[in-house]
Amino acid sequence: MVALISTIFAACKHDNLEVPDASKTFRLAGDFIRNNYDLTMFAAAIDYAGMREELNSAGPYTVFAPNNTAFAQLGITRASDFAGMDKDSLRNMLHYHMLGRRLIKTDVPANNLDSRYASLYEGREPFFTYVAYGSAGPAFPVGDLYINGAFAVKSDVALQNGMLHVIDKVMKYTPGTVQDWLNKRSEYSVFVAALKKFGYWDQLAFEGTCTVYAPDNAALEKGGITAEWVQNVNVNEYLGARLFGIYIIPGRRFFATDFVAAGRLYANGGFAGFIPNDTYKFALKGEKDTYRQLPSTVTITFTRPATPEQPWDQAVRDITGNIAGRIDNLTDNGLVHHLPNFPVLPNEAEKN
Amino acid sequence: MKRLSLLLSSAFLLCLCACSKVEYTEIERPAYLRVFNELNFRISLANKDEQIPFLTMLIDPVVDKDGLVTGAAIIGDYLNQRDTYAPPYPSHVGESTTKSNPEYPGKESVLVGPVLNGFDLSSWAQVPSGEHRIMFCIRPTNDVPFLQLEPKLRKIVMIDTTLTLNERDVYTLHVFQKNFITKENTVLLREENFHKLPMSDSMVYVNFYNYSAEGFWEADKSLKQGLGDNDNGMLRYGMRDDMNVWMSLTKPFTYNTLPGYHFNYLANIKREYSGKVAHYYSFPLFADTMSNKISTDFMTLFSILAPGISPDQMPYGNYDTESAGTYAFLGCYGNGQFTGNLDLRGVLKMPGLNINIHSGTYNPRTFATIIQSRLSTAGLT
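Residues numbered from 1 in each chain as written. Chains lettered and ligands numbered in written order. Predicted model: local features only at pLDDT ≥ 70, side-chain atom pairs only at ≥ 80, totals over all residues.

**Notes on the overall build of chain B**
Secondary structure assignment for chain B yields 1 helix and 21 strands. Dimensions along the principal axes, computed over C-alpha positions, put chain B at roughly 90 × 60 × 35 Å. Taking all 381 residues of chain B together, the buried fraction comes to 38%. Here the analysis covers contacts within chain B between residues at least 6 apart in sequence; of these, 66% occur between residues at least 24 apart. (Helix = DSSP H or I, 4+ residues; strand = E, 2+ residues; numbered from the N terminus. Buried ≥ 20, exposed ≤ 12 C-beta atoms within 10 Å, placed from the backbone. Contact = placed C-beta atoms within 7 Å.)

**Remarks on the sheet that holds strand 12 (residues 281–287) of chain A**
Residue and element names in this part refer to chain A. A sheet is described by the order of its strands in space; here 4 strands give the open sequence 11-12-13-14, paired in antiparallel fashion. If you trace the sheet from one side to the other, it starts and ends with strand 11 (270–274) and strand 14 (314–321), each paired once. Strand-to-strand, the axes of this sheet are offset by a mean angle of 15°, without reference to chain direction. Across 5 bridges, strand 11 lies against strand 12 in antiparallel orientation. Across the sheet, the residue bridging to phenylalanine 271 is leucine 284, located in strand 12. Sheet contacts for helix 13 (residues 256–266): strand 11, strand 12 and strand 13 (297–304); angle to strand 12, the most-contacted strand, approximately 85°. (Pairing = 2+ DSSP bridges. Axes fitted to C-alpha atoms, helices over the stretch in contact; angles between N-to-C directions.)

**Brief notes about the packing of helix 4 (residues 40–49) of chain A against helix 7 (residues 87–96) of chain A**
Residue and element names in this part refer to chain A. In contact at an axis separation of 9 Å, helix 4 and helix 7 are set at 130° when each is read in the N-to-C sense. Judged on the interaxial angle alone, helix 7 and helix 4 are oblique. Between helix 4 and helix 7 lies a crossing whose hand is left-handed. Across from Ala45, Ile46, Tyr48 and Ala49 in helix 4, the residues of helix 7 making contact are Lys87, Leu90, Arg91 and Leu94. Along the lines of polarity and charge, the residues of the contact of helix 4 with helix 7 split into 6 nonpolar, no polar and 2 charged. (Parallel < 35°, antiparallel > 145°, perpendicular 65-115°, else oblique. Left-handed = near helix turned anticlockwise from the far one by under 90°. Nonpolar A, V, L, I, M, F, W, Y, C, P; charged D, E, K, R; others polar.)

**Points about the environment of His92(B)**
Residues and elements named next belong to chain B. Counting through the fold element by element, histidine 92 comes out in the loop between strand 3 (69–79) and strand 4 (115–116). We classify histidine 92 as partly exposed; it has 17 C-beta atoms within 10 Å. Along the chain, histidine 92 and lysine 107 lie 15 residues apart, while their C-alpha atoms are 7.3 Å from each other. With residues up to four places along the chain from it excluded, the contact list for histidine 92 reads Pro102, Gly106 and Lys107.

**Re unusual backbone geometry**
Along the chain, Tyr104(B) connects to Pro105(B) via a cis peptide bond; the corresponding omega equals 5°. Looking at the secondary structure, you find Pro105(B) in the loop between strand 3 and strand 4. Along the chain, Asn363(B) connects to Pro364(B) via a cis peptide bond; the corresponding omega equals 0°. Position of Pro364(B) relative to the elements: it lies in strand 19 (residues 362–368). We note that Asp114(A) has phi near 65°; this positive angle belongs to a residue other than glycine. For Asp114(A), the location among the structural elements is in the loop between strand 2 (98–99) and strand 3 (115–116). On the neighbour-count criterion, Asp114(A) (17 C-beta atoms within 10 Å) is partly exposed. With phi around 45°, Asn148(A) is a residue other than glycine that occupies positive phi space. Considering the arrangement of structural elements, one finds Asn148(A) in the loop between strand 5 (141–147) and strand 6 (150–159). Given 24 C-beta atoms within a 10 Å radius, Asn148(A) is considered buried.

**Describing the interface of chain B and chain A**
Taken together, the contact between chain B and chain A spans 16 residues of the former and 16 residues of the latter. In terms of residue class, the side of chain B that touches chain A is made up of 6 nonpolar, 6 polar and 4 charged.

**Quick notes on the sheet that holds strand 7 (residues 130–138) of chain B**
All names here are of chain B. Taken in spatial order, the 4 strands of this open sheet run 3-2-7-8, and their pairing is antiparallel. Unpaired on one side and paired on the other, strand 3 and strand 8 (157–165) mark the two borders of the sheet. Between one strand axis and the next, the sheet turns through 25° on average, direction left out of account. Here strand 2 (residues 55–63) runs beside strand 3; their pairing, made up of 7 bridges, is antiparallel. Counterpart to valine 63 in the pairing with strand 3 is valine 69.

**Observations concerning the domain arrangement of chain A**
Residue and element names in this part refer to chain A. Each assigned domain of chain A is listed here: domain 1 (22–171) and domain 2 (174–348). Inter-centroid distance (C-alpha atoms) of domain 1 to domain 2 is 29 Å. The partner domain 2 presents 18 residues to the 18 residues of domain 1 that form the contact. The residue inventory of the side of domain 1 that touches domain 2, partitioned by class, reads 8 nonpolar, 7 polar and 3 charged. (Domains from an automatic or database assignment.)

**Remarks on the pairing of strand 18 (residues 354–359) of chain B**
All names here are of chain B. One ladder, built from 5 bridges, connects strand 18 with strand 19; its direction is antiparallel. Paired with asparagine 356 across the bridge in strand 19 is threonine 366. Counting the residues that bridge the hairpin from strand 18 to strand 19 gives 2 residues, and of these glycine 360 lies at a positive phi of roughly 60°.

**Notes on the environment of Ala45(A)**
Residues and elements named next belong to chain A. Its place among the elements puts alanine 45 in helix 4. Taking the C-alpha atoms as reference points, alanine 45 and serine 89, separated by 44 residues in sequence, lie 11 Å from one another. The residues contacting alanine 45, other than those within four sequence positions of it, are Phe82, Leu90 and Leu94.

**Notes on helix 9 (residues 189–197) of chain A**
Residue and element names in this part refer to chain A. Buried within helix 9 we find Val190, Phe191, Ala194 and Leu195. The buried residues of helix 9 all sit within an arc of 135° when viewed along its axis, so they share a single face. Tucked into the core, helix 9 has its buried residues touching strand 9 (210–215), helix 10 (217–222) and helix 11 (227–232). Looking one or two residues past helix 9, glycine 199 carries a phi angle of roughly 80°, positive in sign. (Arc of directions from axis to C-beta.)

Structure representation (C-alpha cells):
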C-alpha cells in the first residue's frame, strides 16, 4: 500500500515547463541562410563576398534570397562557380537583394504595381508588386509578391535580425543604360548594328524607361539577318519601324511577372498597340505558373491589323522568351528580355 | 408604509440618475459637406505608373517639419472611388463588409446634417464653417488606418488646398482628374442650392454636369481600355464638350413613349469646371395621364447627342461604338439593375427618377426625386 501511494506521488512530479524565449528561436540571417538546403548557392555567394558577418549583425534587414533553382538558371550550380567573380560587383548584387529594414509582405501597398523600397546597394530601388487579391475581390485572396520579375516562393520568414523571403530568380540589375548592357554582350552584336543602321540605337541611351526584346545573333540569323546583311542593307527599302522598331517598347517597363500580376489584378494581363510609326501591331504577354513555381516567360507577337476583307487582327508570328536566366535584365533606363527567335522577317517589312 | 418607502427610494434613485451628465458632440456653426472621389479610372498595364486612386481626406492636417502628416482635425480615410449612384441617405452603411468608403461621410461615424427644408442631409457631414486646409493623400488599399501607416506611405500628397465653407450651407466636394493627358488632378467645391429652391413634390427634377477630364473624348480609344466597364455603355468612351440632351419617357421596357414625352429637347451640357450649380429641369411626376395619381411606373431615357444630330435620325446602329463622342445614352429605371428585352443601344443603366415604395395605405406609392447627373470620364451619377 505504501509503495502504491509513493508511486502515485511519484507520478505527480513534473519538470518545470520551460517557455522558449521568443527572441532565441529565430536565427540570424547569415546563419539561417547557411543552414538552409535550398539556399546553399546564396550562402556560398555571401561567403565569397565576405558578407556573413554583416548578415549576422543587428540589422534590421530584409533579405530576398534566391533559391538554388534561381542560381541554376544563371548556370551557377556549385559554390566554386563564384570563384572567378568580381567580389565588389557580387557584393553589390547581394546588397541589391537586401533592404535596411524589416519588410513583411503585407507592408507593401496592396495591389499596387511597382512600389519602391531602397535596397542596401547605394539605395537603388527594386520594384515590388504585392497582389493581395485579384479581380474577383478581397474575398478571394491571392497574396503573391513579385520583385523585379522574381516571384517570392516563400515569404515572411522571421529572423532575429529581420525578415527573409525566398525568390525564384536572381534579380539581374546592371547599372548603366540599355546601350551599355547590349554593347557589353557580343551575342547581340548584329542586333546592335541593325539598331544603329535603322536609327533606333540612340534612344536606348535616353533617360526614362523602355522595354527591349533583344534577339541574339543566332535568332536573327534564322531570319536571314546577319552582320553582313546589316552592312549591305539599303535602309530605304525597308520599314525600319516594323523590322527593328518592334523590339523597342518606349516608355514602358514590363517585367515578365507584371503581365502575371496584371492578369490577376485586372483579369487582363496583356499589352498591345501599334508599332510606333507603323500600321502593324505588337502584342505582349508574360506567363508564369505560380502554383507549380515554374519560370516565367515573355512573349511578343507581331500582328497584322484588321482589314475590311478580314475584320480581325491576325497574329503573324509570336516569339516566346523562355530562357528564365536571360529575361528581366534591368538597367537604369530600361529592361531587356532575350528573344531566342525573330518576330518579323525582312520580306515582311519591305516597302512596296 | 412599505409602499411609501419603496416609492421614496425609487424617487431617490431617479434623482441620482437625473444627475448623470450626457456629453453631446456638437459642432458650433457647422457647414454640411459631402465628399466624392471621382477619380474613376482603373490602373492597368497601360498606366501602371499611376497611383491607385484610393484616398485619405485630411481637413486641417497637422504636418511636421518633414512634411509628414501626424494628425488632422477631420480624417476621411479609405476614400474609394464613388459608387455610380449616390443616394441622399448613406445606403451602404448597413450592407458593407469592407472599410473602403465610397464617399465622405458615408460609413464614417460623424455628426451629419439635419433635415433642412425637407431635405434629409444624413449623407452630409457637419464640419466647422470657416477656412480649412484640405489635403487628399494617396494611400495603399489595405485596412491600416492612415495615421498608423509607415511614414513613407503617408507622404504621397495628391492635393493640398484651402477651402472656405459658410455656416449652414450645403457643399459637395469632388476630386477628379482635370486633364487626361497630363493626369492632373483637382478638387471642385460646389455650393448646393437645392434646399433653397421652391421645388414641388409633384415634379421630378434633374440637372447635368460634365466634369470629364480635358482631352478624354479626343483620346484614342486604346487609351480608354480598362476605364469603366461594359455597363457604362457608350459613355465610357467619353462625350464631346458641347452636347444636347433629349428626354423620352416610356412605359417600362417598351418603345411606347408617353404622350408628349417623345425625344423632348431638355438641356445643353457643356464640359466645365466650376462650382456653379447647373439648372434643374423638371417634368411632372404623373406625366403618364393614365396613372391613378398614386403610383406610376415609367422609364426615363436620355439621348445625349452632339448639336446638329436629331434623335429621330440617329445615325448610329445597335452596338456601334465608333461615334467619336457624339452619342451617349442613359436609361433610368427601377434600381438601375434592370434587364429587359428592350434593345437600348450602348445604354448606361441608372436608377429610376421615380421611387415606388410601400407608404401608408398605398403599395406602391410613387415619390419624385431630384437627380444631379454628373457625367465624367467613365461613368455617371
